Amino acid sequence: MTPANIVGMAVIKGLDVIAVTDHNSCKNCPAVLAAAQEYGILAVPGMEINTSEEVHAVCLFEELKAAMEFDAYVYERLIPFPNKEEIFGKQQIYDTKDQVCGTVPNLLINAADISFEGLWELVRGYGGVMFPAHIEKTANSLIANLGFIPPDSMFKTAEVKDLTKLHGLKKNNPYLEKCLIISDSDAHYLEHIHEPKLTLQVKEKSIGGVLAALAGEL
């Protein structure tokens, strides 16, 4: 799962756009975006944040600079617990030549001291879009961890891994009726990257176009 290999596999699969969303980190986004430019594919910088409620949410940004500023903001709010590679695996940072150029010392899977409440406004302040991840899962999801979708939520998109559960989710959570529902590969291995079987309607093929659709601005 090096940056160039991720982008290369996405090209082989025939994808038009990908997003890279490591847990609580955007540090490999520069290398991914550089590879994407070389391969001619659109890549969106992002992060899958783990909030203080242990809710996973996807945060996507129009500008790489803003993504890296958000990365620094989140990292300062993580519990400073050193990563143990023998238990949790390596946390490597890659350069534009697909070579390891550093590691992240503190464990990235911990919850950040950032609440889901207010996350939409926080991410929008960085020019980005936020939506809850894999909401049907029984762990680390908005519905599982909070027990409900707060009625004053502002997100316009929700991610569902298993679309066969969408009907039940909407039945029990009316808020979803007004949301764009997306599904993606959420790949942690190259072979898990999906074929282009789903589409997203956008005004233009650009990062801004993708984020506008996810923000409900079509």
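This section reports on the structure supplied with the text. (Residues numbered from 1 in each chain as written. Predicted model: local features only at pLDDT ≥ 70, side-chain atom pairs only at ≥ 80, totals over all residues. Heavy atoms only, no water.)

### Thoughts on the environment of E117
Step number 1: Along the polypeptide, E117 turns up in the loop between β5 (100-103) and α5 (119-125).
Step number 2: On the basis of relative accessibility, which here comes to 66%, the residue E117 falls in the exposed class.
Step number 3: It is 9.3 Å that separates the C-alpha atoms of E117 and D152, two residues lying 35 residues apart in sequence. (Helix = DSSP H or I, 4+ residues; strand = E, 2+ residues; numbered from the N terminus. Buried < 20%, exposed > 50% of the residue type's maximum accessible area, 1.4 Å probe, protein only.)

### Some words on the packing of aromatic side chains
Step number 1: Tallied over the full model, the rule gives six aromatic pairs.
Step number 2: With a centroid separation of 6.2 Å and an interplanar angle of 75 degrees, the aromatic rings of F116 and F155 are classed as edge-to-face. Taken together, the residues span a long stretch of sequence, with F116 in the loop between β5 and α5 and F155 in the loop between α6 (142-146) and β7 (157-159) at a distance of 39 residues.
Step number 3: Judged by relative accessible area, F155 falls into the buried class, the value being 2%.
Step number 4: Among the aromatic residues, those joined into a cluster by ring pairs are F61, F70, Y73 and Y126.
Step number 5: Sitting above the plane of the Y75 ring, K27 keeps its charged end 4.5 Å from the centroid.
Step number 6: Above the face of the Y73 ring, R77 is positioned so that its terminal group lies 3.6 Å from the ring centre. (Phe/Tyr/Trp six-rings, centres within 6.5 Å; stacked < 30°, edge-to-face > 60°. Lys NZ or Arg CZ within 6 Å of the ring centre and 35° of its normal.)

### Looking at the pairing of β5
Step number 1: Pairing of strand β4 (residues 92-94) with β5, which is carried by three bridges, proceeds in the antiparallel orientation. If you follow I93 over to β5, its bridge partner there is G102.
Step number 2: What sits between β4 and β5 in their antiparallel hairpin is a turn of five residues, with D98 showing a positive phi close to 65 degrees. (Pairing = 2+ DSSP bridges.)

### Quick notes on the pattern of salt bridges
Step number 1: For the structure shown, the criterion picks out six salt bridges.
Step number 2: Linking D71 and K27 is a salt bridge whose minimum nitrogen-to-oxygen distance equals 2.8 Å. Of the two residues, D71 is situated in helix α3 (residues 64-75) and K27 in the loop between β1 (17-20) and α2 (29-39); the sequence distance between them amounts to 44 residues.
Step number 3: A relative accessible area of 4% places D71 in the buried class.
Step number 4: In this structure, E217 and R124 form a salt bridge, with 2.8 Å as the shortest nitrogen-oxygen distance. Placement of E217 in the segment after α8 (207-214) and of R124 in helix α5 is noted, with a sequence separation of 93 residues between them.
Step number 5: The class of E217 is partly exposed, set by a relative accessible area of 42%.
Step number 6: A relative accessible area of 33% places R124 in the partly exposed class. (Salt bridge = Lys/Arg side-chain N within 4 Å of Asp/Glu carboxyl O.)

### Considering α3
Step number 1: Compared with an ideal rise of 1.5 Å per residue, which puts twelve residues at 16 Å, α3 spans 16 Å between its outermost C-alpha atoms and is within 8% of the ideal.
Step number 2: When α3 is considered as a whole, its buried residues turn out to be A66, A67, F70, D71 and V74. Buried residues of α3, seen end-on, are gathered within an arc of 145 degrees and therefore sit on one face of the element. (Expected span 1.5 Å × (residues − 1). Arc of directions from axis to C-beta.)

### So, the sheet that holds strand β3 (residues 56-61)
Step number 1: As summarised here, the arrangement of the four strands in space is β1-β2-β3-β6, forming an open sheet in which the pairing is mixed. The open sheet has two edge strands with one neighbour each: β1 and β6 (128-132). Across the sheet, the axes of successive neighbouring strands diverge by a mean angle of 30 degrees, strand direction being ignored.
Step number 2: Note that β1 and strand β2 (residues 42-50) share four bridges and pair parallel. Residue pairing in the sheet places V17 in a bridge with L42 of β2.
Step number 3: Of the strands in this sheet, β1 and β2 touch α2, which is tilted by about 160 degrees from β2. (Axes fitted to C-alpha atoms, helices over the stretch in contact; angles between N-to-C directions. Contact = heavy atoms within 4.5 Å.)

### Some thoughts on the environment of A43
Step number 1: Tracing the chain through its elements places A43 in strand β2.
Step number 2: Here the alpha-carbon distance between A43 and N5, two residues 38 residues apart in the chain, equals 13 Å.
Step number 3: Excluding its chain neighbours within four sequence positions, the residues that come into contact with A43 are I18, V32, L33, A36 and I207.

### A short note on unusual backbone geometry
Step number 1: The phi angle at N24 is positive, at roughly 55 degrees, despite the residue not being glycine.
Step number 2: Of note, N24 is situated in the loop between β1 and α2.
Step number 3: In this structure, D186 takes a positive phi of about 45 degrees despite not being glycine.
Step number 4: Among the structural elements, D186 can be located in the loop between β8 (180-182) and α8.

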